[in-house]
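Structure assessment
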Amino acid sequence: MKKTIYMASLLGLMLTASCTDFLDNSPRGVLDEEQLVTPQNVDGFVTAAYSALGNDHYDTPFSLWPYGNVRSDDAYKGGSGTNDIQDFHFFEISNNIRPDFGELDALWYQHYVGISRCNKALKALEQLNESQYPLKQQRIGEMKFIRGHFYFMLKILYRNIPYITEDIPAEQYSSISNTDLNNEELWEAIAKNFEDAAALLPETQTQVGRANKTAAYAYLAKVRLYQAYTQDENYNVTGVNQQHMQQVIEATGQVLGKASLEPDFANNFLPGQYENGPESIFSIQFSKDDGTLYGRLNYGDVLSLPQGLGCCDFHKPSQNLMNAYKTTANGLPMFDSFNNTDLDYHALDNNNVDPRLYHTVALPGLPWKYDPEYTYVEAWNRSPSTYGYTASLKENVPVGCNCTVNIDPFYGNAKNRIQIRYADVLLMRAEALIETGQQDQALPLINQVRNRAANSTGLISGYATNTNISPYINGQNCTWTQDFARQALRWERRLEFAMEGSRFFDLVRWGIADEVMNTYYAGEKSKRAYYNDAYFDRNKEEYCPIPLAQINFSQGVYHQNPGY
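So, a few notes on the structure that sits alongside this text. (Residues numbered from 1 in each chain as written. Predicted model: local features only at pLDDT ≥ 70, side-chain atom pairs only at ≥ 80, totals over all residues. Heavy atoms only, no water.)

Attention shifts here to the side chain of T252. Turning to its location among the elements, T252 is positioned in helix 10 (residues 242–253). Only 3.0 Å separates the side chain of T252 from the side chain of R429, close enough to count as a polar contact. In this view, T252 contacts A221, V425, M428 and R429; residues no more than four positions away in its chain are not counted. (Helix = DSSP H or I, 4+ residues; strand = E, 2+ residues; numbered from the N terminus. Polar contact = N/O pair within 3.5 Å; in protein donor to acceptor, adjacent residues only side chain to side chain. Contact = heavy atoms within 4.5 Å.)

The structure is reproduced here in structure tokens:
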């Protein structure tokens with residue numbers, strides 16, 4: 001059983017409610033703050049906020065796999081067919097995305113539940129003085145960190161969102177529009193959470209799972225990186241803000257040396273002793289055997305287990321993603337030709353590949369999660385004629401792991417979900433250096449990630465005989481210009497973080513979502529019929545629509561995003 005912060009579960013999240021309603025109401029089963037604002041009990045509010053980090057559901061996953069992966073060129077939806085959670089299918093093909101989707105409303109709701117809990121905790125903490133409660137400032141930092149996290153997630157999903165803090169009286173909630181702050185102002189407000197957290201949090205925490213100063217600076221860097229790509233009201237990227245890129249460099253500089261890459265890429269995605277490892281800067285904590293019925297399991301990712309091992313064969317790596325792992329004879333990506341021919345799992349040795357392929361994509365005939373006793377086979381796939389024969393490895397666990405619980409028909413697991421890892425910090429810093437014309441300084445950072453990938457063959461050496469990856473060497477295997485460095489960085493992000501929920505949001509941030517997705521659709525139509533009508537509409541589908549239920553509850557105070 002993990003040594004972590006145990007968090008109470010939130011029930012009944014699927015009830016539709018307005019942002020105003022749930023920001024003003026206490027969670028069920030939780031005492032009013034007036035009863036809890038004592039030095040002895042205030043941490044109950046804090047624990048409730050931490051609890052919200054893992055209170056997602058398979059159709060409202062905080063891993064954002066339908067929105068960051070299936071919505072991109074990295075993954076197919078999977079399941080029994082296109083009608084299985086059909087709303088996710090519409091995101092997959094960028095067609096018929098509507099404001100009345102229940103999944104969008106529930107996802108909005110759950111994020112604001114988390115924000116509400118942070119705000120209630122902050123209000124309670126402000127009522128105490130430090131002589132009464134010595135951890136006051138540290139806990140305030142933790143709550144601002146978590147609140148910033150929820151707002152960041154909402155921002156990349158919906159773009160235009162109401163921003164409500166603990167200082168705003170409840171009677172004013174109904175007057176706060178989702179467009180009161182413009183794009184720059186909203187990013188600045190979110191960044192302030194992490195700036196405050198970084199100032200208040202300690203370097204280390206005695207309890208696993210609590211945010212620390214390093215996590216705050218890493219998340220601040222992520223916010224500044226997104227903020228740096230300026231957008232007009234129609235989501236066109238209008239420039240790169242050099243000041244914000246410099247802030248990325250400064251924030252990541254506070255993290256360098258405070259964490260490290262795992263020696264093997266695989267360790268980030270294994271349970272037990274590998275969790276909360278040196279690369280994990282902040283992780284969502286899950287558990288079992290903790291006194292609750294099933295434990296705090298990762299319900300958001302339960303659908304991705306292959307049908308042959310349980311249920312339900314969703315979230316399947318795309319052929320395009322597999323092809324992206326192919327490498328040239330000198331170990332570099334095949335930037336322009338990677339998708340000319342398909343990587344065939346029947347004949348893997350016909351191509352050189354980046355080793356990260358085998359840690360990300362389950363392929364028939366190879367061990368499942370490195371276990372030679374369990375071979376991933378074609379029969380484990382639920383709808384192969386529609387979605388093919390791959391499966392996602394990172395969020396899944398080995399068969400027989402004591403972290404697994406049968407919650408029929410699902411098999412949940414208690415493996416932590418890493419929210420930010422050190423590789424992300426290195427690549428964010430590299431990106432900022434490239435965009436400020438300092439690409440030579442970015443080169444060793446990208447190569448750190450590539451060299452780690454090259455060394456990540458210990459668990460796959462028995463079957464991965466075609467791995468070939470090399471660092472970039474200016475003047476030998478590449479010419480390291482700013483344009484080439486930008487291409488290399490973006491490719492590296494795709495391979496390093498594939499199936500971790502970030503791909504689509506990277507494409508939007510860079511302003512290339514329409515170009516990449518429509519090229520992807522054109523190539524997929526001959527392979528999968530359900531892509532025949534797929535088309536990405538620029539200036540609309542970069543963001544989700546504001547849920548219709550929220551607009552109705554606000555009585556017109558909220559405004560719909562363009563195009564919906």
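Right, let's get into the side chain of H149. Within the secondary structure, H149 sits in helix 7 (residues 136–158). Those residues in contact with H149 that lie beyond four places of it in its chain are L53, F194, Y219 and Q419.

Another point: the pattern of salt bridges. For the structure on display, the rule yields 40 salt bridges. In this structure, R356 and D354 form a salt bridge, with 2.7 Å as the shortest nitrogen-oxygen distance. When sorted by exposure, R356 lands in the same class as D354, which is buried. Here E435 makes a salt bridge to R486, at a shortest N to O gap of 2.8 Å. Here the residue E435 occupies a position in helix 14 (residues 422–435), and R486 occupies one in helix 16 (residues 482–497), the gap between them amounting to 51 residues. Salt bridges here are not isolated pairs; linked through shared partners, they connect E279, D354, R356, K394, R421, R450, R452, E492, E496 and E500. (Salt bridge = Lys/Arg side-chain N within 4 Å of Asp/Glu carboxyl O. Buried < 20%, exposed > 50% of the residue type's maximum accessible area, 1.4 Å probe, protein only.)

Over the atoms, a rolled probe matching the size of one water molecule traces out where space is still vacant. Under the defined criterion, the tally for this structure stands at six cavities of 30 Å³ or more. The volume enclosed by the largest cavity comes to roughly 550 Å³. Taken together, 34 residues form the lining of the largest cavity, with S63, I418, Q419, E500 and G501 sitting closest to its centre. Only helix 4 (65–69), helix 7, helix 9 (213–228), strand 14 (417–421), helix 16 and helix 17 (503–510) provide two or more residues apiece to the lining of the largest cavity. Of the residues forming the lining of the largest cavity, the biggest block, five residues, is contributed by strand 14. Considered as a void within the structure, the second largest cavity measures approximately 120 Å³ in volume. Lining of the second largest cavity is provided by K155, I156, N183, W187, Y226, Y229, Q231, F505, V508, R509 and Y543. Mapped onto the lining of the second largest cavity, the elements with two or more residues apiece are helix 7, helix 8 (183–200), strand 2 (229–231) and helix 17. (1 Å grid on protein atoms, 1.4 Å probe; cavity = no way out; pocket = protein on both sides within 12 Å on 5 of 7 lines; lining within 4 Å. Points joined across faces, edges and corners; volume = space filled by probe spheres on them.)

Here we take up the nonpolar core. Y67, F145, Y158, Y358 and Y472 are the most contacted members of the largest nonpolar core, which totals 170 residues. In terms of residue count, helix 7 provides more of this core than any other element does, twelve residues in total. If we skip the residues at most four places from it in the chain, F145 touches N193, F194, A197, A211, A215, A216, Y219 and F282. (Core = buried A, V, L, I, M, F, W, Y, C linked by side-chain atoms within 4.5 Å.)

Examined against the element boundaries, Y50 turns out to sit in helix 3 (residues 43–52). Each C-alpha atom of the pair Y50 and I176 lies 26 Å from the other, and the pair is 126 residues apart in sequence. A polar side-chain atom of Y50 sits 2.8 Å from a polar atom in the side chain of E142.

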